[in-house]
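What the coordinates show
The lines below spell out each chain.
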Amino acid sequence: MARMCATILALAAIVVAPVAAGEETEARLSMDVKEAPIVSIVSLLVELGGRQVVFDPGLDCSLTLRLHEMAWHPALETTLRACGLGYQEEGGVLWVATTARLREETESRRRLPEVPPDHAPGLARYRLSYARAEEMAPLLRRLVAPRGSVTTDPRTNTLIIRY
């Protein structure tokens, strides 16, 4: 019941200030909430910013805040920082998680081996006419990268090369 009241308070407390012509294009907001769940506050801020949001499971933080005519993006960053959270944005979608979880995800992406586009794994088939595929396969195995393979199809006299 207390969470529901806090959410209703958050919804009722948002006031979007009009922007005069020729000034900045981002709307400003005022918000006064007490013990509102962070998920509700961030959802409102993100909606105002025209973005979508995904929350990492297990985020549990209640927040009391008072903002006066602040742009949505600085309000979002300040709100998340107060609960030890952060976000990553990709394609207009914000992923909100703890800073430790975000750091862990960034490190795991960095550790992934990057394969240049011209070295992407592939498959090639060559149907031979004047040589036997079984005789050519050992010669090609020496030239193919360690992760690749050379196999044959004796019925069609075809070399199958995975690279």
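Residues numbered from 1 in each chain as written. Predicted model: local features only at pLDDT ≥ 70, side-chain atom pairs only at ≥ 80, totals over all residues. Heavy atoms only, no water.

Some points on the nonpolar core
Residues Met31, Ile41, Val42, Leu45, Leu65, Leu76 and Leu85 are the most contacted members of the largest nonpolar core, which totals 22 residues. Taken together, the elements giving at least two residues each to this core come down to β2 (28-37), α2 (38-49), β4 (62-71), α3 (72-82) and β6 (93-98). Here this core gets six residues from one element, more than from any other, and that element is α2. (Core = buried A, V, L, I, M, F, W, Y, C linked by side-chain atoms within 4.5 Å. Buried < 20%, exposed > 50% of the residue type's maximum accessible area, 1.4 Å probe, protein only. Helix = DSSP H or I, 4+ residues; strand = E, 2+ residues; numbered from the N terminus.)

Here we look at the sheet that holds strand β5 (residues 85-90)
Read from one edge of the open sheet, three strands run β3-β6-β5, paired in mixed fashion. Of all strands in the sheet, those with a lone pairing partner are β3 (52-55) and β5, marking the two edges. Direction aside, neighbouring strands of the sheet carry axes that sit 25 degrees apart on average. Along the sheet, α3 makes contact with β5 and β6, crossing β5 at roughly 135 degrees. Against the sheet, helix α4 (residues 99-111) makes contact with β5 and β6, and its axis sits at roughly 115 degrees relative to β6, the strand it touches most. (Pairing = 2+ DSSP bridges. Axes fitted to C-alpha atoms, helices over the stretch in contact; angles between N-to-C directions. Contact = heavy atoms within 4.5 Å.)

Overview of the side chain of Ser30
Along the polypeptide, Ser30 turns up in strand β2. At 2.9 Å, the side chain of Ser30 and the backbone nitrogen of Glu69 are in polar contact. (Polar contact = N/O pair within 3.5 Å; in protein donor to acceptor, adjacent residues only side chain to side chain.)

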